[in-house]
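Summary of the model geometry
Chain by chain, the residues run as shown.
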Amino acid sequence: MKKAWLILMMAIVLLPMWFMVVYSLEDVQGVLRMPPRLIPSTPTIENYRYISNWPLLRWVRNSAIVLVSTVFLSVIVYSMAGYAFAFKKVPHEKLIWAAFIAGMMVPRMSLMIPLYITIKQIGLAGSMAAVVLTSIYQPVNLYLTSNFMKQIPRAIIESATIDGASEWTILYRVIIPLALPVLTLIALLTGIFVLSDYVWQSLIFQFGNTQTLVVGIMKNVLTRGGGELNINPLGRQMAVGVILLFPMLTIFLIANKYFITGISVGGVKE
Amino acid sequence: MSLILIAPLAVLWILFFAWPMVQLVIISLQHTNFMSAEFVGFQNYINTFSDQTFWLAVTNSLSYAALMIPVNVFLSFTLACFLSRMSKPWRNTARIAFYIPALSAGIIIAGFWKWLFHVNGAVNWILGTNTSWFAQGMTAIPIIAGIVVISSIGVALIMVLASIEAVDPGIIDSARIDGATWKQIKYKILMPIISPVLIMLALLAWINAWQIIEVPMMLAPQDYAATLTYHIYRQGFLFGKYGMASAQAVILLIIIGGLAMLKSKVKQ
């Protein structure tokens, strides 16, 4: 009985995605034909064919570059900073920690205007580097990494020091392997974030030809662009949703084991 | 050494957080269009307070918060308690299943919600009505709040469940031996123990309520459903009123920071 309830609740939260897949395969008459169905009545790939006219490969490549750079740099930056806060004496530690964490209370979107100006000032407007650099600072990542690393026994690090290992060796050979669950977690969170951060990226790429997948796709589906009349906006928006969801779901399902331990251990302390 | 370790983060923090914060305050005191800027003192703030759409956005954000905070806390607590009595494979499956909506948050799933609440869509078909659900705040705001709760319930659930799992099982066992019902254990024992996590969830929902932007942008891009963040976005990037938008962003930071400050005071 309890299991039945649970299955029902899981079905409710997952059903939207299923419907999105089903109705992305409907033509313009089928989309709004009632009653709602769990399988497409007149399956067609017309919506996907329409999308395939866009320079998808270029956008995917751009998104992949942004994704890999952001995740890679985030893991380096936060394993270094997390190590410092968990094991080292940082001067004015409380103050610096508070300053770094303060960003949690600041909605990113409220900084969009000055952030955009900063990007222009350093000459990065319209570039992928702008997305990468502005996406790394996420206070929650520092919080999670440092909390997780505090659980690593100090003795391990001390014995490595006695054995003559340099700080970098300790970081690379001891800390990073032991903190792998939380580093996978922040890699995952950062990856999901950077793949779906439409509003900010659409500002960075508002002029010029460079686009990431999410920006290129959404701009085209919303402005009815792509050189062809958008006769089925609902079906096409759902097709677009399926395309955007796919990479994230893949990444998530691969890394979900680490995801749960990382968030449970790193997030609950205090 | 420790300074070298935090240096990369510090550089990013200065460039993309601290410096923009300073600039935000400066711009909020200007009339500017990026090309030329004129210092106008507190004029933007004064204009903001007489701007009706600003107050509408504030009221809307408060409505979102009022709907989201209790639902989010209650739902994740109930669900986590429910799951805490199930076997580990079930718990893990549930954690994954409830987190998946977070992957398709905002713009990705927007097409589905458009379809569901379309004038000729499923909800109207079931109810036998032909309401335009996103055409007025009265219906748009609760629906958008619900959509946001669904996509954020997974993280909340994982946090609450982890803290319940960390509770010493001896406490629950001894309460049970003393004849406590599950309901009593849930509300009289578990809830007080994990209340810090629940308070944190409430705070996160509070912050979140002010910055809902993608869902109204996709479904109801109008003043009546706009949060303050979305209002700021529209002021700045749609209407080019960067000074006004920045003044409102400063006000937003004060509002959000205010409650966070209050929370840490209460904690002490």
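Turning our attention to the overall build of chain B. Each helix and strand counted, chain B has 13 helices and 2 strands in total. Principal axes of the C-alpha set define a box for chain B whose edges measure 75 × 65 × 30 Å. Counting over 268 residues, chain B shows a buried share of 43%. For chain B, long-range pairs separated by at least 24 residues make up 72% of all intrachain contacts whose partners lie at least 6 apart in sequence.

Counting residues at the interface gives 69 residues for chain B and 65 residues for chain A. Listing elements by their share of the side of chain B that touches chain A, those giving two or more residues are helix H1 (2–28), helix H4 (88–103), helix H5 (107–116), helix H6 (122–127), helix H7 (137–165), helix H10 (195–210), helix H12 (228–238) and helix H13 (242–267) of chain B. At 16 residues, the largest contribution of residues to the side of chain B that touches chain A is made by H1(B). In terms of residue class, the side of chain B that touches chain A is made up of 51 nonpolar, 15 polar and 3 charged.

So, about the nonpolar core. For soluble globular proteins, nonpolar side chains are generally found buried alongside one another. Among the nonpolar cores identified, the biggest contains 157 residues, and Ala81(A), Ile144(B) and Val160(B) are the most heavily contacted of them. With 17 residues, H7(B) is the largest single contributor of residues to this core. If we ignore the near neighbours within four places in the chain, the residues touching Ala81(A) are Leu142(A), Leu5(B), Ile6(B) and Leu9(B).

Looking now at the confidence of the model for chain A. Of all residues in chain A, 93% attain a pLDDT of 70 or more, and the chain-wide mean is 87. The spread of mean pLDDT over the elements of chain A runs between helix H14 (residues 233–268) of chain A, the lowest at 80, and helix H7 (residues 128–136) of chain A, the highest at 95.

Here we take up the domain arrangement of chain A. All names here are of chain A. Partitioning chain A into structural domains gives domain 1 (1–44) and domain 2 (54–268). Each of domain 1 and domain 2 was reduced to a C-alpha centroid, and the two centroids are 31 Å apart. Contacts between domain 1 and domain 2 engage 9 residues on the former and 9 residues on the latter. For the side of domain 1 that touches domain 2, the secondary structure elements donating two or more residues are helix H1 (2–24) and helix H2 (28–31). Top element by residues in the side of domain 1 that touches domain 2 is H1. It accounts for 5 residues. Classifying every residue of the side of domain 1 that touches domain 2 gives 6 nonpolar, 1 polar and 2 charged.

In this fold, Gln43(B) is placed in helix H2 (residues 43–49). Residue Gln43(B) is classed as partly exposed on the basis of its 16 C-beta neighbours within 10 Å.

The subject of this paragraph is unusual backbone geometry. All names here are of chain A. With omega at 0°, the peptide bond leading from Met34 into Pro35 counts as cis. Unlike most non-glycine residues, His92 shows phi in positive territory, near 50°. For His92, the position within the fold is in the loop between helix H4 (56–87) and helix H5 (93–101).

Moving on, we get to the environment of Met244(B). Residues and elements named next belong to chain B. Here Met244 lies in helix H13. Accessibility expressed as a C-beta count within 10 Å gives 23 for Met244, which makes it buried. Sequence spacing of Met244 and Trp13 is 231 residues, and the spatial spacing of their C-alpha atoms is 25 Å. Once you skip the residues sitting within four places of it in the chain, Met244 turns out to touch Asn44, Asn47, Thr48 and Gln235.

As a further point, take the packing of H4(B) against H7(B). Residues and elements named next belong to chain B. The interhelical angle for the contact between H4 and H7, taken along N-to-C directions, is 145°, at an axis separation of 5 Å. Considering the relative orientation of H4 and H7, their crossing is left-handed. Contacts between H4 and H7 involve Arg91, Arg95, Phe98, Tyr99, Pro101 and Ala102 from the former and Ile150, Ser151, Ser152, Ile153, Gly154, Val155, Leu157, Ile158 and Leu161 from the latter. In terms of residue class, the contact of H4 with H7 is made up of 10 nonpolar, 3 polar and 2 charged.

What counts and what doesn't
Residues numbered from 1 in each chain as written. Chains lettered and ligands numbered in written order. Predicted model: local features only at pLDDT ≥ 70, side-chain atom pairs only at ≥ 80, totals over all residues. Helix = DSSP H or I, 4+ residues; strand = E, 2+ residues; numbered from the N terminus. Buried ≥ 20, exposed ≤ 12 C-beta atoms within 10 Å, placed from the backbone. Contact = placed C-beta atoms within 7 Å. Nonpolar A, V, L, I, M, F, W, Y, C, P; charged D, E, K, R; others polar. Core = buried A, V, L, I, M, F, W, Y, C linked by C-beta atoms within 7 Å. pLDDT = per-residue confidence, 0-100. Domains from an automatic or database assignment. Axes fitted to C-alpha atoms, helices over the stretch in contact; angles between N-to-C directions. Left-handed = near helix turned anticlockwise from the far one by under 90°.

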